[in-house]
Amino acid sequence: MVKNDDKISARRLKAIFGGSIGNLVEWYDWYAYSAFAIYFSASFFPQGNPTVQLINTAGIFALGFLMRPLGGYIFGRIADRIGRKQSMTLSVLLMSLGSFLIALTPTYKTIGIIAPIVLLTARLLQGLSVGGEYGVSATYLSEMATKNRRGFYSSFQYVTLIGGQLLALAIQLILQRLLLSEDQLQEWGWRIPFIFGAILSIVALYLRKTLTKQEHSKTKSNEKMIKKEL
């Protein structure tokens, strides 16, 4: 009996990791914006009062929250109609796109008003992505869990949420204390965490694409089990 339980846990491990890693990546990207806003705000808005630049950057950050409910609705529908795996893959893809846009967009001095427009577009995409990711991956994790482990597996949602925040802060401290000067961070160093986030998104995208059909098909049997318990 013990051996059988061990086999079940090992078989589901890949699905649990693939379902939760995207949440860590998305929340890392989300917090990286707020952690490094003080360094890149001047790059996206006209020269002037630094406080005004930071307020404008924070305003765009706030607008991203408006997309979360919409993301939850859209990706929830995709998950029900097409599949959890496809919905989670798409959400990570959008987050990766948003991170690349922020990391590669030229400054306001170079392209003018287009710079803050691209920044806004990137944050709206990421807000949509985060809103869609959380609910769908939580559902997927609970469906993939064994009967007596749903709470445990679903808890990885919150673990990865905090993990993403801690990872963003760790990258900030490493760049601030060990690798770059204040001037370097303001000139180009702020792009590093977004490039790192985009790369992490690609890794999460690969992991989700390699989730096996057999693992994914288990969701239907778990749904029947949940209905019986209710």
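Here the structure is a predicted model, which means the values were calculated and not measured. (Residues numbered from 1 in each chain as written. Predicted model: local features only at pLDDT ≥ 70, side-chain atom pairs only at ≥ 80, totals over all residues. Heavy atoms only, no water.)

Okay, the packing of helix H7 (residues 156-179) against helix H9 (residues 191-209) next. Packing of H7 against H9 brings their axes to within 11 Å, and their N-to-C directions diverge by 140 degrees. Taken together, the axis directions place H7 and H9 in an arrangement best described as oblique. Pair H7 / H9 crosses with right-handed handedness. Judged by residue contacts, Leu 167, Ile 171 and Leu 175 of H7 engage Ile 192, Pro 193, Phe 196 and Leu 200 from H9. (Axes fitted to C-alpha atoms, helices over the stretch in contact; angles between N-to-C directions. Helix = DSSP H or I, 4+ residues; strand = E, 2+ residues; numbered from the N terminus. Parallel < 35°, antiparallel > 145°, perpendicular 65-115°, else oblique. Left-handed = near helix turned anticlockwise from the far one by under 90°. Contact = heavy atoms within 4.5 Å.)

What follows deals with the layout of surface pockets. Considered as a void within the structure, the largest pocket measures approximately 230 Å³ in volume. With 5 residues, helix H1 (residues 2-44) is the single largest residue contributor to the lining of the largest pocket. Its residues placed into classes, the lining of the largest pocket shows 7 nonpolar, 6 polar and 2 charged. (1 Å grid on protein atoms, 1.4 Å probe; cavity = no way out; pocket = protein on both sides within 12 Å on 5 of 7 lines; lining within 4 Å. Points joined across faces, edges and corners; volume = space filled by probe spheres on them. Nonpolar A, V, L, I, M, F, W, Y, C, P; charged D, E, K, R; others polar.)

The subject of this paragraph is the environment of Phe 194. Checked against the element boundaries, Phe 194 lands in helix H9. Each C-alpha atom of the pair Phe 194 and Phe 100 lies 6.8 Å from the other, and the pair is 94 residues apart in sequence. Not counting residues within four places of it along the chain, the set of residues in contact with Phe 194 comprises Ala 32, Tyr 33, Phe 40, Ser 99, Ile 102 and Ala 103.

When two helices pack together, you describe them by how their axes are tilted relative to each other and by the distance separating the axes. Following both chains from N to C, one finds helix H3 (residues 84-104) and helix H5 (residues 114-144) inclined at 155 degrees, their axes separated by 8 Å at the closest point. Taken together, H3 and H5 sit at an angle that is classed as roughly antiparallel. Both H3 and H5 take part in a crossing whose hand is left-handed. Considering only residue class, the contact of H3 with H5 consists of 15 nonpolar, 8 polar and 4 charged.

It is worth spelling out the environment of Phe 17 at this point. Along the chain, the position of Phe 17 falls in helix H1. Spatially, the C-alpha atoms of Phe 17 and Phe 156 are 8.9 Å apart, while their sequence positions differ by 139 residues.

Moving on, we come to the nonpolar core. Core analysis: the biggest nonpolar cluster contains 29 residues, and Tyr 33, Phe 36, Phe 40, Leu 119 and Phe 194 have the highest contact counts within it. Elements that contribute at least two residues to this core include exactly H1, helix H2 (50-81), H3, H5 and H7. Looking at this core element by element, the count peaks at 11 residues for H1. Ignoring sequence-local partners within four residues, the contact set of Phe 40 consists of Tyr 33, Thr 57, Leu 119, Trp 190 and Phe 194. Of all hydrophobic cores here, the second largest spans 15 residues; its members include Ala 79, Tyr 140, Leu 141 and Tyr 153. (Core = buried A, V, L, I, M, F, W, Y, C linked by side-chain atoms within 4.5 Å. Buried < 20%, exposed > 50% of the residue type's maximum accessible area, 1.4 Å probe, protein only.)

What follows covers the packing of aromatic side chains. Using the criterion set out here, one finds 13 aromatic pairs in the structure. Relative to Phe 194, the ring of Phe 40 has its centre 5.7 Å away and its plane inclined at 75 degrees; by these criteria the two rings are edge-to-face. Note that Phe 40 is positioned in helix H1 and Phe 194 in helix H9, a separation of 154 residues in sequence. Relative to Phe 65, the ring of Phe 61 has its centre 5.3 Å away and its plane inclined at 80 degrees; by these criteria the two rings are edge-to-face. Of the two residues, Phe 61 and Phe 65 both sit in helix H2, 4 residues apart, roughly one turn of that helix. The rings of Trp 30, Tyr 33, Phe 40, Phe 44, Phe 61, Phe 65, Trp 190 and Phe 194 are connected pair by pair, giving a single aromatic cluster. Of note, Arg 123 hangs over the ring of Trp 30, and the distance from its end group to the ring centre comes to 4.3 Å. Its end group placed over the ring of Tyr 33, Arg 123 keeps NZ or CZ at 4.1 Å from the ring centre. (Phe/Tyr/Trp six-rings, centres within 6.5 Å; stacked < 30°, edge-to-face > 60°. Lys NZ or Arg CZ within 6 Å of the ring centre and 35° of its normal.)

By themselves, these are just geometric observations and shouldn't be taken as functional.
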